[in-house]
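# Examination of the molecular architecture
The primary structure of each chain is shown beneath.
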Amino acid sequence: MAGVVWSYASRCKMVENKMKAVPPQDGTTGMLACTLVLGGARSGKSRFAEGLFTRWPTPWTYIATCQPHDDEMTRRVARHRAGRGEGWHTREAPLDLPAALDGAGARPVLVDCLTLWLTNLMLAEHDIAAATQALLAALARRTGPTVLVSNEVGQGIVPDNALARRFRDEAGLLHQALAREVAHVVFVVAGLPMELK
């Protein structure tokens, strides 16, 4: 058993090292400079995604999609912001993520997270298919590296209400659309990254 655990952890470290080995200024743009990081709640996906940025010079742009609706969420956002440290410039984009990506120019960008963005779009009754296409177009226009973080929500039981089922379905479709186009896809479980693409 110890050998299986070691090999799994070793492989995960190799994935992280392989991604960090990409030259910071290699001229790659658009979808070829885009990484999708998926994982469940508290899987370590955001920490892994932030760790990828050490290969690029600062300043980095953090595009936050969360809209705090209560005190607990406001405190959570403040903790996340304080924990990011130096080098980050935060921009809030709860709905117009494509415009925020365009506004970041060539700076390295971290988007956290796509499922909160999707939630905001659904609650505001936006056209999700059109928003997805606008996101893909903005990513293709990017001249700097982009890392997208999103929650994988399709591995649990079927939700018991229509809105939750629609959210699960829309999240799965969004992830598939992105995974087809971006250069790298990583799935994080218990803080360990697994390279899918």
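Source: prediction; values computed, not measured.

About the criteria used
- What you see as residue numbers is a count from 1 along each chain, following the sequence as written.
- Where totals are concerned, whole chains, interfaces and linings use all residues; where local detail is concerned, this predicted model gives features only for residues with pLDDT of at least 70, and gives and counts side-chain atom pairs only at 80 or more.
- Hydrogens and waters are ignored; side-chain quantities use all the structure's heavy atoms.
- The definition of a nonpolar core used throughout is a set of buried Ala, Val, Leu, Ile, Met, Phe, Trp, Tyr and Cys residues joined through side-chain atoms within 4.5 Å.
- Exposure categories follow from relative accessible area, calculated using a 1.4 Å probe and restricted to protein chains: below 20% of the type maximum is buried, above 50% is exposed, and the middle band is partly exposed.
- Note on conventions: DSSP H or I runs of at least 4 residues are helices, E runs of at least 2 residues are strands, and numbering of each starts at the N terminus.
- It only takes one pair of heavy atoms within 4.5 Å for two residues to be counted as in contact.
- By definition here, a salt bridge exists when the distance from a side-chain nitrogen of Lys or Arg to a carboxyl oxygen of Asp or Glu is within 4 Å.
- Structural elements are reduced to axes, namely lines fitted to C-alpha atoms, with helices fitted over the stretch in contact, and the angle between N-to-C directions of any two is expressed from 0 to 180 degrees.
- Orientation is classified from the angle alone, with under 35 degrees giving roughly parallel, over 145 giving roughly antiparallel, 65 to 115 giving roughly perpendicular, and any other angle giving oblique.
- By convention the crossing between two helices is left-handed if the near helix lies anticlockwise of the far one by an angle smaller than a right angle, and right-handed if it lies clockwise.
- Polar here means any residue other than Ala, Val, Leu, Ile, Met, Phe, Trp, Tyr, Cys and Pro, which are nonpolar, and Asp, Glu, Lys and Arg, which are charged; Gly is therefore polar.
- Polar contacts, as counted here, are pairs of nitrogen or oxygen atoms within 3.5 Å of one another; within protein the pair requires one atom able to donate a hydrogen and one able to accept it, and residues that are adjacent in sequence qualify only if both atoms are side-chain atoms.

### Digging into the nonpolar core
- Leu101, Leu114, Leu135 and Leu178 are the most contacted members of the largest nonpolar core, which has 32 residues in total.
- Residue assignment for this core shows that the elements contributing at least two residues are strand 1 (34-39), helix 4 (97-103), strand 4 (109-112), helix 5 (114-123), helix 6 (128-141), helix 7 (162-181) and strand 6 (184-189).
- If you tally residues by element for this core, the top one is helix 6, at six residues.
- With residues near it in sequence (within four places) discarded, Leu135 still touches Leu97, Pro98, Leu101, Leu114, Trp117, Leu174 and Leu178.
- Residues Phe48, Leu52, Val149 and Val186 belong to the second largest nonpolar core, which totals 16 residues.

### Describing the pattern of salt bridges
- All told, the structure shown has three salt bridges when counted by the stated rule.
- In this structure, Arg168 engages Asp169 in a salt bridge whose closest nitrogen and oxygen atoms are separated by 3.1 Å.
- On the basis of relative accessible area, Arg168 is assigned to the partly exposed category, the value being 22%.
- Overall, the relative accessible area of 40% leaves Asp169 in the partly exposed class.

### Considering the packing of helix 5 against helix 6
- Closest axis-to-axis distance for the helix 5/helix 6 pair is 10 Å, and the angle between their directions is 140°. The pairing of helix 5 with helix 6 is recorded here as oblique in orientation. Both helix 5 and helix 6 take part in a crossing whose hand is right-handed. Packed against helix 5, whose contacting residues are Leu114, Trp117, Leu118, Leu121 and Met122, the element helix 6 presents Ile128, Ala131, Thr132 and Leu135 at the interface.
- Residues of the contact of helix 5 with helix 6, tallied by class, amount to eight nonpolar, one polar and no charged.

### A closer look at the side chain of His175
- Take His175: it is sitting in helix 7.
- Polar side-chain contacts of His175 include one of 2.6 Å to the side chain of Ser150.
- With sequence-adjacent residues up to four places away left out, His175 is seen in contact with Leu36, Leu38, Thr115, Ser150, Asn151 and Glu152.

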